[in-house]
Amino acid sequence: MSSRILIIEDEPQIADFLFRGLQEEGYSVERAADGPTAWNMLQSGQWDLILLDWWLPGEDGIDVLRKFRGIDRSTPVLFLTARDAVSHRVEGLDAGADDYLAKPFAFAELTARVRALLRRPDQQSGLVLSYRDIRADLGSQKATRDGSSLDLTAKEFSLLCLFLQNPGKILTRTRIFDTVWGDTFDGLSNTIEVHIKELRQKLEQFGHRVIHTRRNRGYLLEDTED
């Protein structure tokens with residue numbers, strides 16, 4: 001069964017371009033052109049991926065995303081917007097987006113990001129990764145620490161799984177970006193730092209720090225103090 005993608009975009013030419021292109025790629029695609037319609041579709045449907053524009057009539061995409069993350073923490077969301085300042089990218093990621101693509105963009109790059117966001121570390125039911133008091137169930141896509149549920153986005157869950165698969169090993173930013181984002185790391189983006197910061201904060205609600213920074217080398221999961 002093809003993945004279901006919801007396009008939330010108010011510019012007709014862009015929406016039509018995305019709709020036709022993704023359908024040709026074999027995806028099941030629907031679309032919304034304003035904030036209120038998008039919110040109704042997000043509440044009433046089951047989606048595998050959301051493509052979300054920032055500027056929308058009725059309600060901005062950033063506000064729609066914040067509400068959506070109140071009811072769904074796992075469905076991946078890709079922001080599509082002309083707002084490409086670092087502060088805007090950080091705001092979008094902080095609101096719950098899993099990735100960010102600035103307009104104008106090449107369709108090949110969009111489809112690569114779509115494939116990466118739809119990719120899961122492993123869909124084998126019942127397989128659980130663990131380290132100390134942290135557990136990630138790859139079948140249910142749920143994670144816990146010390147028995148408490150962690151509200152992780154799709155990207156944060158994938159990032160946690162990568163660390164759980166490599167305890168005690170330093171993971172370079174290039175490897176993290178290639179594995180979790182499925183793209184070539186340009187060395188300039190702060191996407192990794194933003195997501196690791198969010199993941200750390202959620203893990204540290206229920207225990208001490210276990211994801212450590214190794215300056216100029218990368219990050220590692222280890223049960224020691226920095």
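Treat the numbers as computed from the prediction; the structure is a model and nothing was measured. (Residues numbered from 1 in each chain as written. Predicted model: local features only at pLDDT ≥ 70, side-chain atom pairs only at ≥ 80, totals over all residues. Heavy atoms only, no water.)

S.K.: Could you give me a rundown of the domain arrangement of the protein chain, with the residues and numbers involved?
M.R.: Here the domain parsing of the protein chain yields domain 1 (4-118) and domain 2 (128-221). Spacing between the C-alpha centres of domain 1 and domain 2 amounts to 24 Å. The partner domain 2 presents 14 residues to the 15 residues of domain 1 that form the contact. Of the roughly 1,200 Å² buried at the junction of domain 1 and domain 2 (both faces included), carbon and sulfur atoms supply 49%. In terms of surface lost to domain 2, no three residues of domain 1 exceed Arg 73, Leu 93 and Asp 98, which account for 43% of the buried area on that side. Between domain 1 and domain 2 we count 0 salt bridges in total. On the surface where domain 1 and domain 2 come into contact, there are 3 residue pairs in polar contact (both at pLDDT 80 or more). If you list the elements that add at least two residues to the side of domain 1 that touches domain 2, you get helix H4 (86-95) and helix H5 (107-118). (Domains from an automatic or database assignment. Contact = heavy atoms within 4.5 Å. Buried area = accessible area lost by both parts, 1.4 Å probe. Salt bridge = Lys/Arg side-chain N within 4 Å of Asp/Glu carboxyl O. Polar contact = N/O pair within 3.5 Å; in protein donor to acceptor, adjacent residues only side chain to side chain. Helix = DSSP H or I, 4+ residues; strand = E, 2+ residues; numbered from the N terminus.)

S.K.: Tell me what's going on with the sheet that holds strand S5 (residues 99-102), and back it up with residues and numbers.
M.R.: Two pairing modes exist for strands in a sheet, parallel and antiparallel, and in both the strands are linked by backbone hydrogen bonds. Across the sheet, which stays open at both edges, the 5 strands sit in the order S2-S1-S3-S4-S5 with parallel pairing between neighbours. Two strands close off the open sheet at either side, each with one partner strand: strand S2 (28-32) and S5. Neighbouring strand axes in the sheet, compared pairwise and without regard to direction, differ in orientation by 20 degrees on average. Pairing of strand S3 (residues 49-53) with strand S4 (residues 77-81) involves 4 bridges; the strand directions are parallel. Across the sheet, Ile 50 pairs through a bridge with Val 77, a residue of S4. Helix-sheet contacts for helix H1 (residues 12-24) involve strand S1 (4-8), S2, S3 and S4, and the interaxial angle to S2 is about 165 degrees. (Pairing = 2+ DSSP bridges. Axes fitted to C-alpha atoms, helices over the stretch in contact; angles between N-to-C directions.)

S.K.: I'd like a description of the nonpolar core, backed by residues and values.
M.R.: Core analysis: the biggest nonpolar cluster contains 28 residues, and Leu 160, Phe 163, Leu 164, Ile 176, Ile 196, Leu 203 and Ile 211 have the highest contact counts within it. Mapped onto this core, the elements with two or more residues apiece are strand S6 (128-131), strand S7 (134-137), helix H6 (154-165), helix H7 (173-181), helix H8 (191-203) and strand S11 (218-221). Sorting elements by how many residues they give to this core places H6 first, with 7 residues. Not counting residues within four places of it along the chain, the set of residues in contact with Ile 211 comprises Phe 163, Ile 196, Leu 199, Arg 200, Leu 203, Leu 220 and Leu 221. Residues Trp 39, Leu 52, Leu 56 and Leu 65 belong to the second largest nonpolar core, which totals 21 residues. (Core = buried A, V, L, I, M, F, W, Y, C linked by side-chain atoms within 4.5 Å. Buried < 20%, exposed > 50% of the residue type's maximum accessible area, 1.4 Å probe, protein only.)

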